[in-house]
Amino acid sequence: DAKTTQPPSMDCAEGRAANLPCNHSTISGNEYVYWYRQIHSQGPQYIIHGLKNNETNEMASLIITEDRKSSTLILPHATLRDTAVYYCIGSNTGNQFYFGTGTSLTVIP
Amino acid sequence: GAVVSQHPSWVICKSGTSVKIECRSLDFQATTMFWYRQFPKQSLMLMATSNEGSKATYEQGVEKDKFLINHASLTLSTLTVTSAHPEDSSFYICSARGPGSVDTSFFGPGTRLTVL
């Protein structure tokens, strides 16, 4: 699985868009980019995943660069409940994941 | 999304005893489930892959005789921590691949194990 690099922490004002970057320069052609988040003392929650096209669902948008070496998760209107640790993971199975250290996002009122 | 449950949500036990943690896929069948461990302020670490009807596959460094995994049905996997010691205190989380063609996994809420 691809090694991913994320900033350790970020702040975002409530109501604004939160843009969380992820570097995955070693990702292989058949590996998807997955995003999960973990609120304190809970299991990770699936957000979104993509291969090379941008993706959008009811939670977020995923923008993947053309060379697939990096991606950005966008929470369009952050709320206080979006405060969590966000994990970007590269995987070609969608099953087993090797988690990195993630980004701790704090949404500020 | 698909729902995965764990039981118990927390457990406290004495050193030397064994503890069983259950992971269930509530509204779908999961031929493969995964077990993770998370220490405070750290990320999740994959421990093992649990396959229905066959032996589990353990990650390097995880003692298979200490962490017994049984996947007896398509909706249930169990993790038994044998002869638990305080260093086994951790947050244990399972996941299961989503139903049908969903190419991702859904996680349970986790089980907090404290060994005294």
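Calculation rules
Residues numbered from 1 in each chain as written. Chains lettered and ligands numbered in written order. Predicted model: local features only at pLDDT ≥ 70, side-chain atom pairs only at ≥ 80, totals over all residues. Heavy atoms only, no water. Disulfide = S-S within 2.5 Å. Helix = DSSP H or I, 4+ residues; strand = E, 2+ residues; numbered from the N terminus. Buried < 20%, exposed > 50% of the residue type's maximum accessible area, 1.4 Å probe, protein only. Contact = heavy atoms within 4.5 Å. Buried area = accessible area lost by both parts, 1.4 Å probe. Polar contact = N/O pair within 3.5 Å; in protein donor to acceptor, adjacent residues only side chain to side chain.

Novice: Help me understand the state of the cysteines in this model?
Specialist: Cysteine pairs can be linked by a disulfide, which is a covalent bond between their two sulfur atoms. Enumeration over the complete set of coordinates arrives at 2 disulfides over all chains. Note on cysteine connectivity: Cys22 of chain A is disulfide-linked to Cys88 of chain A, with sulfurs 2.1 Å apart. The sign of the S-S torsion, about -80°, decides the handedness of the disulfide formed by Cys22 of chain A and Cys88 of chain A: left-handed. Of this pair, Cys22 of chain A sits in strand 2 (residues 18-23) while Cys88 of chain A sits in strand 8 (residues 84-91), and the two are 66 residues apart along the sequence. Considered together, Cys22 of chain A and Cys88 of chain A belong to a single accessibility category, that of buried residues. Each sulfur in the disulfide pair Cys23 of chain B and Cys94 of chain B lies 2.0 Å from the other. The sign of the S-S torsion, about 80°, decides the handedness of the disulfide formed by Cys23 of chain B and Cys94 of chain B: right-handed.

Novice: Would you take a moment to explain the interface of chain A and chain B for this structure?
Specialist: For an interface, size is often stated in terms of accessible area lost upon the parts coming together. Residue-level contacts link 20 residues of chain A with 21 residues of chain B. Summed over both sides, the interface between chain A and chain B buries roughly 1,500 Å², with carbon and sulfur atoms accounting for 49% of that surface. Among the residues of chain A in contact with chain B, Pro44, Asn95 and Phe99 of chain A are the three that bury the most area, contributing 30% of the side total. Connecting chain A to chain B are 7 residue pairs in polar contact (both at pLDDT 80 or more). Contributions of two or more residues to the side of chain A that touches chain B are made by strand 3 (32-38) and strand 4 (45-50) of chain A. In terms of residue count, the dominant contributor to the side of chain A that touches chain B is strand 3 of chain A (4 residues).

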